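In case you want the letters, here they are:
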Amino acid sequence: MAERVRVAVRPLVEYVFRSGSLDGEFRSTASLTEGTKAHQAIQKEYGEADRSEVYVSGEFERGELVFEIDGRCDGVRTGEDGSVAIEEIKSTAGDVALIEEESYPVHWAQAYCYACLYAREHGLDRIRIQLTYVQVESGQQKRFLREASATELESFVADVLDRYAPWALLTIRRRKLRDESIAALPFPYREYRKGQRKLAGAVYRSIEAGTGLFARAPTGIGKTMSTVFPSVKAMGQGHLQQIFYLTAKSTTRASAEDAFSRLRAEGLRLQAVTITAKEKICFQDKVDCRAQACEFADGYYDRINGALLDLLSSEDAVDRGAIEKYARKHRVCPFEMSLDAAYAADAVICDYNYVFDPRVSLKRMLAEKKSQTALLIDEAHNLPDRAREMYSAELDKRSFLQLEREYKAANPALRDAAKAVNRLFIGLRKRGNGRSYSFKDKPEELLLAAETFASEAEKALASRQGAPSGDDLLLETYFAASAFVRIGKLYDERYAVLVDCTGHEVRAKLLCLDPSEPLRQTGKGFKSRVFFSATLSPLGFYMDVLGAKEDDYSVSIPSPFDPGQWDASVRPLSTRYADRERSVGPIARLLGELLERRRGRYLFFFPSYAFMNDVYAAFAAGYDGKFATLLQEAGMSEPEREAFLARFSEDAEETLAGFAVLGGAFSEGVDLVGDRLTGVVVVGVGLPQLGPERELIREYYEAATGRGFEYAYVIPGMNKVLQAGGRLIRSETDSGTLVLVDDRYLQPAYRRLLPEEWRI
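Residues numbered from 1 in each chain as written. Predicted model: local features only at pLDDT ≥ 70, side-chain atom pairs only at ≥ 80, totals over all residues. Heavy atoms only, no water.

Asker: Mind showing me how you'd approach the sheet that holds strand E21 (residues 628-631) here?
Answerer: Whether parallel or antiparallel, the strands of a sheet pair through hydrogen bonds between backbone atoms. Strand order in the open sheet formed by six strands is E19-E24-E23-E20-E22-E21, and the pairing between neighbours is parallel. Two strands in the sheet have a free side with no partner beyond their single neighbour: strand E19 (566-571) and E21. Averaged over neighbouring strand pairs, the angle between their axes works out to 15° when direction is ignored. Pairing analysis gives six bridges linking E19 to strand E24 (residues 736-741), with the strands arranged parallel. Among the inter-strand pairings, Arg-571 is bridged to a residue of E24, identified as Val-741. Seen against the sheet, helix H21 (residues 580-597) touches E19, strand E20 (601-606), strand E22 (656-661), strand E23 (679-683) and E24 and runs at an angle of roughly 165° to E20. Strand contacts of helix H25 (residues 708-725): E20, E23 and E24, with the helix running at about 165° to E23, the strand carrying the most contacts. (Pairing = 2+ DSSP bridges. Helix = DSSP H or I, 4+ residues; strand = E, 2+ residues; numbered from the N terminus. Axes fitted to C-alpha atoms, helices over the stretch in contact; angles between N-to-C directions. Contact = heavy atoms within 4.5 Å.)

What follows is the structure, encoded as structure tokens:
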């Protein structure tokens, strides 16, 4: 019996006719919104006999497969002589004058498929095919017209399907293996931990119902497996086709990989792809995606289909090691290969930005599978600040002034565009009398000037009309201007403009104060979104700032550990900035006395590097050579961080004190079980540093909720405290000493945010 394969026209031809350039990530494409508007502008010109958005479909037998192809062609135009033309509209932010008839074979292929389906449905012997390119800003159009017989079109589609068939057969085979393995898949442990079944059930129900879930799930219940296992089971029941496991740090990424690995040990046949940042996985010393500079970028699209078939037919765990192995074997870019592999994967493990960041998100991938995709958002307490970064953008005066000078003779249009932006920056500096300031009105003039600059820069980059010093600064400034314009379209009452003036330099930042609405809009259309963290508390705050929908719900899982495992106390010393100099000595003595009282391995967390270094110096002077010490340094490499943690060995006999910063690499995502960690001391309440941005956030939430200081400072700060303290007890057999150093822990506003199990 023939296998039936359903595939839409666009992904079909994009697989067969992969083309383009990896050159510096430069793309002359319009955004989805801009493209839709450009399409609609052309379709409004249609006559009475013309039709837009015409659905077409058909079946094609090719060997052991029956393909069901469908899609929606942009337009069907009917001439005065009764002839029919299928129109495919493509929008671009670049210069349409540079587009030739053969520039994009994939666009012709898409139009040919629509024409074939339409001709078959309407019994036409011949049909015309028209490609229309439109520039999104100017509306300028360029058209190419061809004519083909129905026989020619049938032959063309047959060839496309024959080239797609190996991929289709692989997909069918893997999906059968996946679903059969899920049906027989047991929970990978003998029994559920306390609270684990409750969380797993809540995750499954949220996916089944298509709602969002906000879960406070404490350390020790197995949060990763509690979300991955029910999601996999939901996939087996047909509720999902893809899982995105989103993380903020590489340590939690490894936890997700381990969870899938454990399920594979129980028989699961599910393909999970890990996306590693381009800067980390690139085979070159410096990222340079030009064909002449990178053998893995040169001819990428000629080799990638074979590479993907080899990789995905051989590996279930498509982690960094697997990607690098097959990328070298087939001589393709490992980063781009991971993105292409992710499109076909059952599960994708990646950073938050691949879904939420408007600059780098996988829009096409997500658009096609969104309604059957669940987002599992680990350590979701990190997302508010990360989202503020994603939905903010800034420009600096210096770049435009330099480009104005460099392109003075080479490109007058680009020079004028840069000059216009530079002139507005001068105006911003005068407005503040040379001092930094902020305002709420949308900077319309600056956005318009940035958009004009981006358009001229794109033309120059596309034509390689470079300056004597090369295109690096132009490309960098083009991306910054494009991002500024893109974020400008989101600008509303949740934003402010921050102008930073330092000497002659001026920076303008579109600062997202409240990321809830863009997060809510980005999350629309997904089957389910599961936000979870051990410190997602208070839940109401996180549901507010993370954009919860009306039908979303929350669950709070109690700690599985006995409160007696903590020996917790408060030392009411002031760590406020004004008191820090006086508190250095007493804190150093407190730490020394703690180590003298009970030998072991300790982590001491501080609100800043400066304060940490001061206490460390006092501690070292008072206890010289008595205890082994480690000191976290800013910008530590991954091997350096691993070496730091390796000192916390269970069989080590030395008493060790590790000095670290709150919110840093060692305060979350670190598991030091058993005797590897004896105690944790948290100095201060973790309040974010005072500054213009944080103050604007406070003012916004004060006006919106009347709880500005709490939203901007107290809750984010105490979250760092909870994360740091959470390093202490990681299993049912752990026990240890927890000391919180600050008199504010005795105040109700701070005390109520502490976990009940600490019993302070």
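Alright, that's what it looks like, and here's the rest.
Asker: Before we go on, may I ask you to explain the packing of helix H3 (residues 105-122) against helix H4 (residues 150-183) in this structure?
Answerer: When two helices pack together, you describe them by how their axes are tilted relative to each other and by the distance separating the axes. The contact between H3 and H4 brings their axes to 9 Å, and the two run at 125°. With respect to H4, the axis of H3 lies oblique. Crossing geometry of H3 relative to H4 is assigned as left-handed. Residues Ala-109, Tyr-112, Cys-113, Ala-115, Cys-116 and Arg-120 of H3 touch H4, and the partners they reach there are Leu-153, Glu-154, Phe-156 and Val-157. Classifying every residue of the contact of H3 with H4 gives eight nonpolar, no polar and two charged. (Parallel < 35°, antiparallel > 145°, perpendicular 65-115°, else oblique. Left-handed = near helix turned anticlockwise from the far one by under 90°. Nonpolar A, V, L, I, M, F, W, Y, C, P; charged D, E, K, R; others polar.)

Asker: Could you clarify how one ought to interpret the pattern of salt bridges in this entry?
Answerer: Close approach of charged atoms lets side chains of opposite charge pair. One pass over the full model with this rule turns up 46 salt bridges. With a closest N to O distance of 3.9 Å, Glu-87 and Arg-143 form a salt bridge. Note that Glu-87 is positioned in strand E4 (residues 84-92) and Arg-143 in strand E6 (residues 141-149), a separation of 56 residues in sequence. A salt bridge links Arg-415 to Asp-416, with the shortest nitrogen-to-oxygen separation between them at 2.9 Å. Here the salt bridges share partners, and the residues they tie into one network are Asp-492, Glu-493, Arg-494 and Asp-514. (Salt bridge = Lys/Arg side-chain N within 4 Å of Asp/Glu carboxyl O.)

Asker: What is the right way to look at unusual backbone geometry in this model?
Answerer: Note on backbone geometry: most residues besides glycine have negative phi, and most peptide bonds are trans. Residue Pro-538 follows Ser-537 across a cis peptide bond; omega there is 0°. With respect to the helices, strands and loops of the structure, Pro-538 is situated in the loop between strand E17 (528-533) and helix H20 (539-545). Phi at Glu-53 is positive, roughly 50°, even though this residue is not glycine. In this structure, Glu-53 sits in strand E2 (residues 51-62). We classify Glu-53 as partly exposed; its relative accessible area is 34%. One non-glycine residue, Glu-379, lies in the positive phi region at around 45°. Structurally, Glu-379 is set in the loop between strand E12 (373-377) and helix H14 (383-390). (Buried < 20%, exposed > 50% of the residue type's maximum accessible area, 1.4 Å probe, protein only.)

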